[in-house]
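Each chain is listed here by its residues.
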Amino acid sequence: MPAIYPRYASNPRFRLALAFCAASLLMIVPGGCSQSTPRQDPPLAGSTLGGPFTLVDKAGKTVHYADFSGKYRIVYFGYTFCPDVCPLDLQHMMLGYHLFAKAHPALAARVAPMFITIDPARDTPAVVGQYAGAFGPELIGLTGTPAQIAAAAKAFAVFYQKRAGATPGTYLMDHSRAAYLMGPDGKPIALLPVDQDGKAVAAELETWVQ
């Protein structure tokens, strides 16, 4: 019995009231002693983000979105000449993936991380493949024709446009910033917090990859 109640510790009515209060609290907070919590709906549930695309990989092989059916997909749009945002986001994304893979290798094997360029003029298959490989062998670098890139970006509601540089070859690309986690059925689940750090990305993967 707590020391602040010495006068009442032996009083039967006090003990009964204390027991009643404790029972009431348990009724107010169902499952208060349980370690599990109800699973929430994915943040992007019901969204129309995502859809079929046809691109090419580092070897020039045609790749379809449906090729990854049955796997979770992490989809990030950027470009290899990006001076800051893209490399930082991809570093966080793949660090998070590798942390998750270390803890859950079997589950990580069901995740396909992808980097899709929005600058096909400079990002050839070889260039995009080498760039993606720098962040980990699991990261799939994809490019394509301008029309193919535009179709893929439209499916994921990705904005991008060229910003003129000092010379024709030194332009930058303005683009939206997001890493989409897609489910085995190809539907959107959540945005990965690549703007934070690898631990935050790993935590989000822990939540949704089953």
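Each chain has its residues counted from 1, following the order in which its sequence is written. Reporting of local features is limited, given that this is a predicted model, to residues whose pLDDT is at least 70; pairs of side-chain atoms are given and counted only at 80 or more, and all residues count toward the totals for whole chains, interfaces and linings. With hydrogens and water excluded, all non-hydrogen atoms of the structure serve as input to the side-chain values.

Quick look at the overall build of the protein now. When its secondary structure is counted, the protein shows 6 helices and 9 strands. Burial classes: relative accessible area under 20% of the type maximum marks a residue as buried, over 50% as exposed, and values in between as partly exposed (1.4 Å probe, protein chains only). A buried classification covers 41% of the 210 residues belonging to the protein. Contacts are residue-level and defined by heavy atoms, with any inter-residue pair within 4.5 Å sufficient. Within the protein, contacts between residues separated by at least 24 positions form 69% of all contacts whose residues are at least 6 apart in sequence. Note on areas: Shrake-Rupley with a 1.4 Å probe; residue coverage comes only from the protein chains shown. Carbon and sulfur atoms make up 61% of the accessible area of the protein, which totals about 11800 Å². Elements are defined by DSSP. Helices are runs of H or I of four residues or more, strands are runs of E of two residues or more, and each kind is numbered from the N terminus.

When DSSP finds two or more bridges between a pair of strands, those strands are recorded as paired. The mixed open sheet is built from 5 strands, whose spatial order is 5-4-3-8-9. Either end of the sheet is taken by a strand with one partner, and the two such strands are strand 5 (140–142) and strand 9 (188–191). Within the sheet, the average angular offset between the axes of one strand and its neighbour, ignoring direction, is 25 degrees. Summarising the sheet, strand 4 (residues 111–117) and strand 5 pair through 3 bridges and their orientation is parallel. Within strand 5, the residue paired with F115 across the bridge is G141. To obtain each axis, a line is fitted to C-alpha atoms, and for helices this fit is confined to the stretch in contact; angles are then taken between N-to-C directions over 0 to 180 degrees.

Take K199: it is sitting in helix 6 (residues 198–208). Along the backbone, K199 and G96 are 103 residues apart, and their C-alpha atoms lie at a distance of 5.7 Å.

Quick look at the confidence of the model for the protein now. In this model, the protein carries an average pLDDT of 85, and 81% of its residues clear a pLDDT of 70 or more. Every residue in residues 1–38 is under pLDDT 50, and counting partners more than four places away or in other chains gives 7 contacts. One number per residue, pLDDT, summarises how confident the predictor is, and it ranges from 0 to 100.

Turning our attention to unusual backbone geometry. Note: most residues except glycine have negative phi, and most peptide bonds are trans. A positive phi angle, near 55 degrees, is found at A157, a position not held by glycine. Residue placement: A157 occurs in the loop between helix 5 (146–155) and strand 6 (160–163).

Here we come to the packing of aromatic side chains. Geometrically, a pair of aromatic rings is defined through the distance of the ring centres and the angle of the planes. Two aromatic rings from Phe, Tyr or Trp, using only the six-membered ring of Trp, form a pair when their centres are within 6.5 Å; if the ring planes differ by under 30 degrees the pair is stacked, by over 60 it is edge-to-face, and anything between is tilted. One pass over the full model with this rule turns up 6 aromatic pairs. Pairing F53 with Y65 gives two aromatic rings, centres 5.2 Å apart and planes at 55 degrees, and the pair type is tilted. Separated by 12 residues along the polypeptide, F53 in the loop between helix 1 (12–28) and strand 1 (54–56) and Y65 in the loop between strand 2 (62–64) and strand 3 (72–78) bring together distant segments of the chain. Here F53 matches Y65 in class, with each residue buried. Both rings, one in F115 and one in Y131, keep their centres 5.3 Å apart while their planes meet at 45 degrees; by these two values the pair is tilted. Taken together, the positions of F115 in strand 4 and Y131 in helix 4 (residues 125–133) put the pair 16 residues apart, joining distant regions of the chain.

Assignment of secondary structure puts P52 in the loop between helix 1 and strand 1. Sequence spacing of P52 and Y65 is 13 residues, and the spatial spacing of their C-alpha atoms is 5.2 Å.

Turning to the nonpolar core, a few remarks are in order. Ranked by size, the top nonpolar core spans 55 residues in total, and within it F53, F77, M93 and F156 carry the most contacts. Of all the secondary-structure elements, those providing two or more residues to this core are strand 3, helix 2 (85–103), strand 4, helix 4, helix 5, strand 8 (179–182), strand 9 and helix 6. Per-element tally for this core: the top contributor is helix 2, with 7 residues. Setting aside anything within four residues of it in sequence, one finds M93 in contact with I74, Y76, P113, M114, L139, A179, V194 and V201. Remark: nonpolar core denotes a set of buried residues (Ala, Val, Leu, Ile, Met, Phe, Trp, Tyr, Cys) joined through side-chain atoms within 4.5 Å.

Across 3 bridges, the pairing between strand 8 and strand 9 is antiparallel. Bridge pairing in strand 9 links M182 to P188. Counted between consecutive antiparallel strands, the loop separating strand 8 from strand 9 contains 5 residues, among which G186 sits at a positive phi close to 85 degrees.

As a further point, take helix 6. G198, A200, V201, A202, L205 and W208 are the residues of helix 6 that are buried. At its buried positions, helix 6 is contacted by strand 3, helix 2, strand 8 and strand 9. Contacts described as polar in this section are N or O atom pairs within 3.5 Å, which, within protein, must combine one atom able to donate a hydrogen with one able to accept it, while residues neighboring in sequence count only if both atoms come from side chains. The opening residue of helix 6 is D197, an N-cap whose side-chain oxygen sits 3.3 Å from the backbone nitrogen of K199.

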